[in-house]
Amino acid sequence: MQLHVSPSMRSLTISSNNGFIDLMKIKVAARHISYRTLFHTILILAFLLPFVFILTALVTLEGVNKCSSFDCLGRRLGPRLLGRDDSGQRLVKDFYKILNQVNTEEIPDGIKLPDSFNQLVSEMKNNQYDAKTFALMLRAMMDKLEREIRESKFSELMNKHFAASSIPKGLYCLSLRLTDEYSSNAHARRQLPSPELLPVLSNNSYHHFVLSTDNILAASVVVTSSVRSSLKPEKIVFHIITDKKTYAGMHAWFALNPVSPAIVEVKGVHQFDWLTRENVPVLEAVENHHGIRNYYHGNHIAGANLSDTTPRTFASKLQARSPKYISLLNHLRIYLPELFPNLDKVVFLDDDVVIQRDLSPLWEIDLRGKVNGAVETCKGEDEWVMSKHFRNYFNFSHPLIAKHLNPDECAWAYGMNVFDLRAWRNTNIRETYHYWLKENLKSNLTMWKLGTLPPALIAFKGHIHPIDQSWHILGLGYQSKTNVENVKSAAVIHYNGQSKPWLQIGFEHLRPFWTKYVNYSNDFVRNCHILEL
């Protein structure tokens, strides 16, 4: 038996070795096919076709004279398979009849399946299987193969989820070494920014960026890419907010690696007088609620009915259970007016973005009285990222959701947002955000499952000003088929999704857009063996 794949990758031909006509030809649509998909297709065909041949032989064998060998059987069946015998149609009908009959029957419990094709042939000879028994064995083996492939896919998704949620050894080392440097090196503790530049932190003639993260290397890439891409780097001010455990290391990095002429401020959440549990009680409830902590940190397999779940649905559920969604750092953007009371406009960036173009024009955009300038994610053809409506985030079977929201309303993206803080201070956005978080807690997370975007979609409802999609391209952490030309032309590229560029599960052809801003010659980076992947 021979297998031929056309150079255009549009047809697959399977033929016998002894001159028979083509046994099967499969036409493939003229679209991109991954090598993994092609491999699985060939694997299943290679596994299935020998069984089909033997089953057909058995059907014929029951109606012909005794034949002592498969060679003899082949000589008898050859003309029939080539359409030279009138009984060919009867063979096909008998074949389908047996398959349909077996397909509706239950596979007996405890059936012993052979481990290989050779073992199946041997058992067929020894036990003199009839066609129906053989077809039943074939179905059982195929069901087993499907289960094993499915279980393998779910295991792959689980491993990817754990890889995405964990901290790579090199990044952990970097944080520890910089924290130690902060303790022992006075230069690493120098004030950021220097005293004479402190007034700039509240000067609205500068371009203020806010970044909330505990990932030092990722923060360095965001800042470095912004400065290199800017036509006016001297106008850039970065306000980096991190947690208490990362503060020393984050401060040390930017003290030892200045990005002049841009200005960088590093603050820990513990240094904001306003940011207390009394002012944000709902976040304390989210972090300490036993059910919530178990949902995000517990066993993600226990209680899950994988038999009724597709791999894609399972992947989405795992993404929704990322522990980052109950981190205070992930909720900080909802408190920007209080955290920066003297600023009028800021651009908030996630730590998994790269800046490739000058962002100065963002400060010239007229938000027309709106609060949040964001890219809408409902007007693209890509169903993973750019075809999102409210129905993709909310449970519309819940009465409160059905009453207040429209399933067809367009969603928008976090990651790169222009916020008019003056307009924001005249709204009740924060109170609305708190209200819906509490309602979701009361409903045991039945209103939505995925992170901080759903409550923001509600809180900013009516306060969104759409900006051009070229400002912010998403999905580089979700799918490898992202259009590279679109990536090259975008102002901000966003590795949202599990496959972050600093992880080994990142997509190799998309990673260079991020790694070119990593300083691999830095002593701390080299000593922590953070190598270019």
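The shown structure was predicted, so the numbers you read here are calculated from the model rather than taken from an experiment. (Residues numbered from 1 in each chain as written. Predicted model: local features only at pLDDT ≥ 70, side-chain atom pairs only at ≥ 80, totals over all residues. Heavy atoms only, no water.)

Asks: What exactly am I supposed to notice about the state of the cysteines here?
Replies: A covalent bond bridging the sulfur atoms of two cysteines is what the word disulfide describes. Under the defined criterion, the tally for this structure stands at two disulfides. Here Cys 173 is linked by a disulfide to Cys 528, with a sulfur-sulfur distance of 2.1 Å. Of note, the bridge from Cys 173 to Cys 528 carries an S-S torsion of about -75° and is left-handed in sense. Separated by 355 residues along the polypeptide, Cys 173 in helix H6 (residues 169–184) and Cys 528 in the segment after helix H20 (523–527) bring together distant segments of the chain. (Disulfide = S-S within 2.5 Å. Helix = DSSP H or I, 4+ residues; strand = E, 2+ residues; numbered from the N terminus.)

Asks: Would you mind going over the nonpolar core with me for this structure?
Replies: In globular proteins that are soluble, nonpolar side chains generally tend to be buried together. Core analysis: the biggest nonpolar cluster contains 67 residues, and Leu 174, Phe 254, Leu 349 and Ile 493 have the highest contact counts within it. A total of eight residues in this core trace back to one element, the largest contributor, which is helix H7 (residues 216–229). (Core = buried A, V, L, I, M, F, W, Y, C linked by side-chain atoms within 4.5 Å. Buried < 20%, exposed > 50% of the residue type's maximum accessible area, 1.4 Å probe, protein only.)

Asks: So what exactly am I meant to see when it comes to the packing of aromatic side chains here?
Replies: Any pair of aromatic rings gets described here by the distance separating the centres and the angle formed by the planes. Under the definition given, this model contains 14 aromatic pairs. Relative to Tyr 414, the ring of Trp 412 has its centre 5.3 Å away and its plane inclined at 80°; by these criteria the two rings are edge-to-face. Each member of the pair, Trp 412 as well as Tyr 414, is classed as buried. The lysine or arginine in question, Arg 357, covers the ring of Trp 471, its NZ or CZ lying 5.0 Å from the ring centre. (Phe/Tyr/Trp six-rings, centres within 6.5 Å; stacked < 30°, edge-to-face > 60°. Lys NZ or Arg CZ within 6 Å of the ring centre and 35° of its normal.)

Asks: Looking at this structure, how should I read the pairing of strand S6 (residues 263–268)?
Replies: Remark: a regular strand shows side chains that alternate across the two faces of the sheet. Within S6, five of the six residues are buried, which leaves it mostly tucked inside the rest of the structure. Taken together, the six bridges between strand S5 (residues 236–242) and S6 define a ladder with parallel strand orientation. Its bridge partner lying in S6, Val 237 is registered against Ile 263. Regarding topology, helix H8 (residues 244–256) serves as the crossover connection from S5 to the parallel S6, and that connection is right-handed. (Pairing = 2+ DSSP bridges. Right-handed = clockwise from strand over helix to strand, strands pointing away.)

Asks: Got a minute to help me understand the side chain of Asn 257 in this structure?
Replies: Among the secondary structure elements, Asn 257 is positioned in the loop between H8 and S6. There is a polar contact of 2.8 Å between the side chain of Asn 257 and the backbone oxygen of Trp 253. (Polar contact = N/O pair within 3.5 Å; in protein donor to acceptor, adjacent residues only side chain to side chain.)

Asks: Just checking my understanding: could you explain the pattern of salt bridges for this structure?
Replies: Pairing is possible between side chains of opposite charge, provided their charged atoms come close. Scanning all chains against the criterion turns up 12 salt bridges. In this structure, Lys 245 and Asp 243 form a salt bridge, with 3.5 Å as the shortest nitrogen-oxygen distance. The closest approach of N and O atoms between Arg 391 and Asp 408, which form a salt bridge, is 2.0 Å. Linking Arg 391 in the loop between strand S9 (372–374) and helix H14 (399–404) with Asp 408 in the loop between H14 and strand S10 (416–420), this pair joins segments that are 17 residues apart in sequence. By relative accessible area, Asp 408 is classed as partly exposed at 48%. One connected set of salt bridges, linked through shared partners, spans Asp 214, Asp 243 and Lys 245. (Salt bridge = Lys/Arg side-chain N within 4 Å of Asp/Glu carboxyl O.)

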